[in-house]
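Summary of the model geometry
In case you want the letters, here they are:
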Amino acid sequence: PLRIDLARLQRDFQFLRVYGQIGRIKNEATEDSRTTSYQLGAALPFGNSLILAAYGRQHVSAPTKATTNQIASLGYDYFLSKRTDIYIAALYEKMSFVSSGNSIAGGVRVKF
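All of the points below concern the structure found in this document. (Residues numbered from 1 in each chain as written. Predicted model: local features only at pLDDT ≥ 70, side-chain atom pairs only at ≥ 80, totals over all residues. Heavy atoms only, no water.)

**Re the overall build of the protein chain**
Condition: Secondary structure follows DSSP: runs of H or I at least 4 residues long count as helices, runs of E at least 2 residues long count as strands, and numbering of each begins at the N terminus. Note that the radius of gyration is over C-alpha atoms, with the globule rule given as 2.2 Å times the number of residues to the power 0.38. Burial classes follow relative accessibility: with a 1.4 Å probe on protein chains only, a residue under 20% of its type's maximum area counts as buried, one over 50% as exposed, and anything between as partly exposed.
Broken down by element type, the protein chain carries zero helices and seven strands. Going from N to C terminus, the protein chain has its helices and strands arranged as β-β-β-β-β-β-β. Taking 112 residues into account, the globule formula puts the C-alpha radius of gyration at 13 Å, and the protein chain, at 17 Å, lies well above it. In the protein chain, buried positions account for 16% of the 112 residues.

See below:
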């Protein structure tokens with residue numbers, strides 16, 4: 001059986017939006033592994049855009065091996081209209097037993 005517990009929190013202070021998420025997954029079918037993850041982030045309005053920052057951590061414990069994954073990101077979101085925005089984000093990721101890595105993502109989002 002697989003059990004998932006999740007808690008989300010979001011608070012908008014008008015000048016800053018903060019959010020967090022905590023989750024736990026217990027999987028008894030595959031080696032009785034347990035995954036605990038959390039994420040903290042903020043969005044700062046700046047004119048017609050948002051400056052975004054987030055940090056997340058995930059820990060997987062299994063009888064044979066435990067791993068940890070950490071991700072930090074910084075992004076910028078510019079609103080072209082009420083339904084369309086463009087964004088760019090830089091991410092840093094570090095996993096146990098693996099070297100770290102950097103990524104850059106960007107795109108256009110249209111809401112229907």
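**Brief notes about the packing of aromatic side chains**
We describe a pair of aromatic rings using the distance from one ring centre to the other and the angle between the two ring planes. Put simply, the rule is: Only Phe, Tyr and Trp rings take part, Trp by its six-membered ring, and two of them pair if their centres are within 6.5 Å. Stacked means planes under 30 degrees apart, edge-to-face means over 60, and tilted covers everything else. A positively charged side chain is recorded as over a ring if its NZ (Lys) or CZ (Arg) lies within 6 Å of the ring centre. The angle to the ring normal must also be within 35 degrees.
Per the counting criterion, the structure on display carries one aromatic pair. Seen from their ring centres, Y38 and Y55 are 6.3 Å apart, and the 55° between their planes marks the pair as tilted. Separated by 17 residues along the polypeptide, Y38 in strand β3 (residues 33-46) and Y55 in strand β4 (residues 49-61) bring together distant segments of the chain. A relative accessible area of 28% means that Y55 is categorised as partly exposed. Over the face of the ring belonging to F97 we find K65, whose NZ or CZ atom lies 4.8 Å from the ring centre.

**Remarks on the pairing of strand β6 (residues 84-95)**
How we decide: Whether two strands pair comes down to DSSP finding at least two bridges between them.
With 11 bridges connecting them, strand β5 (residues 66-79) and β6 associate as antiparallel partners. The residue of β6 that forms the bridge with Q70 is K94. In the sheet, β6 pairs with strand β7 (residues 101-110) via 10 bridges, with the strands oriented antiparallel. The residue bridging D85 from the neighbouring strand is R109, located in β7. Between β6 and β7, which pair antiparallel one after the other, the connecting turn spans five residues, and F97 there sits at a positive phi close to 65°.

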